[in-house]
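So the chains spell out like this:
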Amino acid sequence: MDTLRIVVADNESIIRMDLKEILEEAGHTVVGEAIDGVKAVELARKCHPDLVIMDIKMPEMDGITAAKIISNEKLAPVLLLTAFSQKEIVEKAKDSGVLAYLVKPVKEANLFPAMEIALSRFKEFAELERELEEVKNSLETRKILDRAKGILMDAYSLSETEAYRRIQQYSMSKRKSIRDVAAAIVESATRKR
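Residues numbered from 1 in each chain as written. Predicted model: local features only at pLDDT ≥ 70, side-chain atom pairs only at ≥ 80, totals over all residues. Heavy atoms only, no water.

## Things to note about the UniProt feature "domain: ANTAR" (unreviewed entry) in the protein
We apply this condition: UniProt positions are given in the numbering used here, feature names are shortened, and annotations may be inferred rather than shown by experiment. Numbering of helices and strands starts at the N terminus; helices are DSSP runs of H or I of at least 4 residues and strands are runs of E of at least 2.
The positions UniProt marks with the feature "domain: ANTAR" (unreviewed entry) are residues 125-186. The annotated region residues 125-186 carries 90% helix and 0% strand content, and the separation between its end C-alpha atoms amounts to 35 Å.

## Description of the domain arrangement of the protein
The criterion, for reference: Domain boundaries shown here were taken from an automatic or database domain assignment.
Here the protein is partitioned into domain 1 (5-106) and domain 2 (132-191). Distance between the C-alpha centres of domain 1 and domain 2: 49 Å.

## Considerations on helix α3 (residues 63-72)
Worth spelling out the cut-off: Categorising residues by exposure relies on relative accessible area from a 1.4 Å probe, with only protein chains included: less than 20% of the type maximum marks a residue as buried, more than 50% marks it as exposed, and the intermediate range marks it as partly exposed. By construction, the arc corresponds to the directions joining the helix axis to the C-beta atoms. Contacts described as polar in this section are N or O atom pairs within 3.5 Å, which, within protein, must combine one atom able to donate a hydrogen with one able to accept it, while residues neighboring in sequence count only if both atoms come from side chains.
Taken together, the buried positions of α3 are Gly63, Ile64, Ala66, Ala67 and Ile70. For α3, the arc enclosing every buried residue in end-on projection is 160 degrees, short of the 170-degree limit, so these residues lie on one face. With a side-chain oxygen positioned 3.0 Å from the backbone nitrogen of Ile64, the residue opening α3 is Asp62. At the exit of α3 stands Lys74, carrying a positive phi of roughly 55 degrees.

## What about the sheet that holds strand β1 (residues 5-9)?
The condition is simple: Between any two strands, at least two bridges found by DSSP are needed for them to pair. The axes used here are C-alpha line fits, helices contributing only the stretch in contact, and every angle between their N-to-C directions lies in the interval 0 to 180 degrees. Only heavy atoms enter the contact rule, under which two residues are in contact if any of them lie within 4.5 Å.
If you walk across this open sheet you meet the 5 strands as β2-β1-β3-β4-β5, and the pairing is parallel. With one partner strand each, in any of the chains shown, β2 (29-34) and β5 (100-103) form the two edges of the open sheet. On average, adjacent strands in this sheet sit at an angle of 20 degrees to one another, irrespective of strand direction. Those strands touched by α3 are β3 (51-55) and β4 (78-82), and its axis lies near 160 degrees from that of β3.

## Considerations on the packing of helix α5 (residues 108-156) against helix α6 (residues 160-174)
What describes two packed helices is the angle between their axes and the distance between those same axes. Which entries qualify depends on this criterion: Reported orientations rely on four angle classes, namely roughly parallel under 35 degrees, roughly antiparallel over 145, roughly perpendicular from 65 to 115, and oblique for the rest. By the definition used in this description, the sense in which the near helix is turned from the far one sets the handedness, with an anticlockwise turn below a right angle giving left-handed and a clockwise turn giving right-handed.
Contact pair α5 / α6: the axes reach a minimum separation of 9 Å and the direction vectors enclose 110 degrees. The pairing of α5 with α6 is recorded here as roughly perpendicular in orientation. Every pair of crossing elements has a handedness; the one defined by α5 and α6 is right-handed. Note on element contacts: α6 touches α5 through Glu160, Ala163, Tyr164, Arg166 and Ile167, opposite Leu145, Ala148, Lys149, Leu152, Met153 and Tyr156.

## Let's talk about the side chain of Ser171
Position of Ser171 relative to the elements: it lies in helix α6. Classification of Ser171 by relative accessible area gives buried; the value is 7%. With sequence-adjacent residues up to four places away left out, Ser171 is seen in contact with Lys176, Ser177, Ile178 and Val181.

## Details of the confidence of the model for the protein
So the rule is basically this: Values of pLDDT, which run from 0 to 100, indicate the predictor's confidence residue by residue.
With 92% of its residues at a pLDDT of 70 or more, the protein shows a mean pLDDT of 90. Considering each helix and strand of the protein separately, the mean pLDDT is smallest for helix α4 (residues 87-95), with a value of 66, and largest for β1, with 97.

## Considering the nonpolar core
Definition in use: Residues grouped as a nonpolar core are buried Ala, Val, Leu, Ile, Met, Phe, Trp, Tyr and Cys residues, joined through side-chain atoms within 4.5 Å.
Counting residues in each nonpolar core, the largest one holds 22 residues, and the members touching the most others are Ala9, Val52, Met54, Ile70, Val78 and Leu80. Going through the elements one at a time, β1, α2 (37-47), β3, α3 and β4 are the ones with two or more residues in this core. A total of 5 residues in this core trace back to one element, the largest contributor, which is α2. Discounting chain neighbours no more than four positions away, the residues touching Val78 are Val52, Met54, Ala67, Ile70, Val98, Leu99 and Ala100. Counting residues in each nonpolar core, the second largest holds 20 residues, with Ile6, Ile22, Leu23 and Leu81 among its members.

Here is the structure:
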């Protein structure tokens, strides 16, 4: 595992100190420590850590609520710690976007694999979101291009192939993307109506 920048959040100072020691002995850097969920979210926003390790039961804002905010803002993967392994808490943790979960007391043998799982899942989700965005953009481009071809076909009695070729040629001559050219055609036709 690469050297990581980590935020540790637990209202019990002894737990924070133990975690920090384990992590730093393994070559990682603890970039921030928090005693509650509010501070954990602030540190995640400010420090941009590679990972947040956080207790569930904390004052002001619990770890599950903080994890949901950190997850929704895509700040870092979250590894939750708890002294409880109740089904209800596990379900809440899953719904909050937590990527890994450990029951205290934390042991090195369990901590590092859980960290790797959280990091791996975070990267997988980021890649899936990127791919989804590409598919959405491609679909939107396809819709605009089809509308633009239809407009040219109607206006100049062109075949679909010829309409596309004209959009493509104009795109190349003006050094604009096909999507931009198609959008301009659609916008121009919309304004004329």
